[in-house]
Amino acid sequence: FRMWSVAAIITPAFLVKIVVGHPPNDSHFADIDIDKAASEIAGYRGLPTKPPPRCKAFPGDTSWPPVSDWSNLNSTLGGVLLNPLPPASVCYPTSANFNTTSCNFLFNDASQSTFWFDNPLTVQGTWPQGLTCPLVRNPPVNATCTRGGYPVYVVNATEPKHVQAAVNFAREKNVRVIIKNTGHDFLARNIGAGSLSIWVHNLKGFEFISNYRQPGGNYRGPAAWVGAGLQVYEAFRHALTHNVTLPSASCLTIGSYGGWISGGGHSPLSSKYGLGVDQVLELKVVTADGRYVTASSTKNKDLFFALRGGGGSTYGVITSAIVKAHPAINLTIASFNFNLGNAPSSNPSSNPTITNSTAFWLGFNAVFAFGIPTVDTGGYLWTNGLPSGPGFAMQVQAQMPGLSAAEAVAFTQPLVDELNRLGIPVANITIRTQVYSSQSSTGAGGAPGAGGYFASRLFPRAAYVDPVLFSKAMNASRVLIEAGYTFHGLNMAPTLEAAGNPYLAGVNPVWRESVMHADIFGFNKLNLATATDQQVVAAQLALTELMGPLKEATPGGGSYLNEGDPHEPNWQQSFYGNNYAKLVKIKKSRDPWGVFWAPTTPGSEGWRVEGQGGLLWRQNGRLCRV
């Protein structure tokens, strides 16, 4: 990708006041001088005094900043402003970037490297971008690659001052801002046409704090200062070095300290230590007015509330956090599968296939009923129910923190006995034990696909343990699987007690009463890379309708906003629960200019991306007020 040349310029005074890179000796970061008059902050002109433009500036408009403005911004940034083309552009003969060697690398070698996660534009599901430059080997000679929903410029932020300069520029120039880390967000919150992207992937600082006391809170003990761009596998390497546990996302290439905690953040340790939001003790944030502040239980408490589970990319930009560091712990996983098919399997003990449909679905119910003893023991029951060949498959992992292999076998034996009683001959359970933080990765990842469509549901304990409602929920889940969807269940109980009664967070309160988060994936139902917009709309709406009976069987439930249906009916309540009104108030107070916007975040109803035919997660268009 291209980088602007660096021109000499005096850095604005408000940028050089900030000291970053690692925390001072007292483990707290000094705030920017917040008593300094706002008018003195470079680029800041106070609250809006006249009606703002209806739409954000867009390339080709007279309001779009001229090249000289972008060049000046790059000089202020010290040369970290990028103007990248889509990575697949190297494969298109019509592109100025066309390069056969580079194209071959994308197909042959990129997936064995960190290329895709280290690319400033790449997102893991490209359908929201508009599929205007798909990765194609030997495209037609006249095929074109255009930017589509990718940002026009990217700030490769390696210091908070880079984020500040980007925010101030976007606010004063009325340019849309997006925030991107590793690109794992599937709900189009890290992409947008005509935008300036703040890329926090390279904010990878880490420092272990042996004895930390939370100001105004109830935590005292080991902690870690972590940069927003630190990926799970990188955090685990640090945790191993210091013999501690940092609860993190299950996917090792995710950046846990940005969007994961902003949405709530679940993990195999959620029944033992709570959600991702419960690990956070302090945050460093750049707000819409360009200030670099601490958010904690004593400072900027509204931000500390909102940024922990109240939605990402909308209140400010997280640059780093201080999080709890728990004692090192083993994670023991007991796993087995069983299947429904036309003929019994030849080796039934390791992966039995049965032909009795009634027995299979009773076994399905028995597995999920085992979710309650699992979470009450501090565990995490991972399951997949999905179509498989002529029948269906059930994949089960009881992930048990702190148990030995023998203890995990003994714990799961009642479930195995019940399955055998039902006629499902599960005999051999695979046991794997390892230190939780020893999970390793090179950081490599494959080329992103178009993505898929999905929905999710949080199951409250009260509904789960009610025999009538549980039966209805299992029947509704079966209907979804028989319709071709994957039902991915994650049983956990992230109660406030498990989390150590942390300072109040903006995460959906339903999480505290839930014993399962279920994802329903339609990845195999429709190929988004070839589907028409009308087909995508129809498919998503069909799934939304099929979710109705599951919602009826889980009254008082909700949906996980990081893994939810972008067309979720009444998403405000489903994603945020009773916190929504408070979160909107914080949003309006902290960002009266509308600097930050992302779909299905608090207050986002006031905007829409034009020309996308009602597809809320397609970002290939101009962002305008409704």
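Throughout, a residue's number is its position along its own chain's written sequence, starting from 1. With pLDDT at 70 or above as the cut-off, local features in this predicted model cover only qualifying residues; side-chain atom pairs require 80 or more to be listed or tallied, and sums for whole chains, interfaces and linings still use all residues. With hydrogens and water set aside, each side-chain value is computed from the structure's full complement of heavy atoms.

Under the annotation held in an unreviewed UniProt entry, the chain carries the name FAD-binding PCMH-type domain-containing protein and is attributed to Triangularia setosa. UniProt positions are given in the numbering used here, feature names are shortened, and annotations may be inferred rather than shown by experiment. As stated in UniProt under Sequence similarities (unreviewed entry), the record for the chain gives "Belongs to the oxygen-dependent FAD-linked oxidoreductase family."

Student: Before we move on, can you summarise the overall build of the chain with the specific residues and values?
Tutor: Segments assigned H or I by DSSP are reported as helices when at least four residues long, segments assigned E as strands when at least two residues long, and all are numbered from the N terminus. Secondary structure assignment for the chain yields 17 helices and 21 strands. Counting only C-alpha atoms, the chain reaches 75 × 60 × 45 Å along its principal axes. Buried positions account for 58% of the 626 residues belonging to the chain. Any two residues having at least one pair of non-hydrogen atoms within 4.5 Å are treated as being in contact. Contacts in the chain between residues at least 24 apart in sequence constitute 75% of all its contacts with a sequence separation of at least 6. Only carbon and sulfur atoms are counted for the fraction: they give 53% of the accessible area of the chain, which is about 23,500 Å². Residues counted as positive are Lys and Arg, residues counted as negative are Asp and Glu, and His and the chain ends are not counted. Think of each charge as sitting on NZ of Lys, CZ of Arg, CG of Asp or CD of Glu. In the chain, 44 positive and 36 negative side-chain charges are present, and the distance between their average locations comes to 5 Å. Exposure categories follow from relative accessible area, calculated using a 1.4 Å probe and restricted to protein chains: below 20% of the type maximum is buried, above 50% is exposed, and the middle band is partly exposed. Computed with a 1.4 Å probe, the accessible areas rest on the Shrake-Rupley method; for each residue, only the protein chains presented here act as cover.

Student: Can you break down the pattern of salt bridges residue by residue, with the values?
Tutor: In the sections that follow, a salt bridge refers to a side-chain nitrogen of Lys or Arg positioned within 4 Å of a carboxyl oxygen of Asp or Glu. Scanning all chains against the criterion turns up 15 salt bridges. Among the ionic pairs, Glu482 bridges to Arg478, the shortest N-O distance being 2.9 Å. Within this pair, Glu482 and its partner Arg478 are both found in helix α13 (residues 467-482), separated by four residues, close to a single helical turn. For Glu482, a relative accessible area of 42% gives the class partly exposed. Where Arg618 meets Asp533, a salt bridge forms, and the shortest distance between an N and an O atom there is 3.2 Å.

Student: Break down the sheet that holds strand β6 (residues 220-227) for me, citing the residues and quoting the values.
Tutor: Pairing between two strands is assigned when DSSP locates at least 2 bridges connecting them. Spatially, five strands are ordered β5-β6-β10-β8-β9 in an open sheet, and the strand pairing comes out antiparallel. Single-partner strands in this sheet number two, and they are β5 (206-213) and β9 (292-295). Here the strands of the sheet are splayed against their neighbours by 25° on average, with no regard to which way each runs. Relative to β9, strand β8 (residues 280-287) runs antiparallel, the two sharing four bridges. Across the sheet, Leu283 pairs through a bridge with Ala295, a residue of β9. Along the sheet, helix α6 (residues 256-263) contacts β6, β8 and β10 (316-324); its crossing angle with β10, the most-contacted strand, is approximately 90°. To define axes, lines are fitted to C-alpha atoms, for helices over the stretch in contact only, and angles between the resulting N-to-C directions are given on a 0 to 180 degree scale.

Student: Quick one: what's the story with the sheet that holds strand β4 (residues 195-199), residue by residue and with numbers?
Tutor: Across the sheet, four strands lie side by side as β1-β2-β4-β3; this open sheet has mixed pairing. Edge positions in the open sheet fall to β1 (81-82) and β3 (176-180), since each of these has one partner strand only. With four bridges joining them, strand β2 (residues 153-156) and β4 adopt parallel strand pairing. Directly across from Asn156, in β4, lies its bridge partner Trp199.

Student: Account for the side chain of Lys56, with residues named and values stated.
Tutor: Its place among the elements puts Lys56 in the loop between α1 (13-16) and α2 (67-77). For the buried residue Lys56, which engages in no salt bridge, the nearest side chain bearing the opposite charge is Asp591, 7.1 Å off. At 2.8 Å, the side chain of Lys56 forms a polar contact with the backbone oxygen of Gly594. Once residues lying within four places of it in the same chain are set aside, the contact partners of Lys56 are Asp61, Asn174, Val175, Arg176, Trp593, Gly594, Val595, Trp607, Arg622 and Leu623. In protein, a polar contact requires one atom able to donate a hydrogen and another able to accept it; more generally it is a pair of N or O atoms within 3.5 Å, and residues adjacent in sequence count only if both atoms are side-chain atoms.

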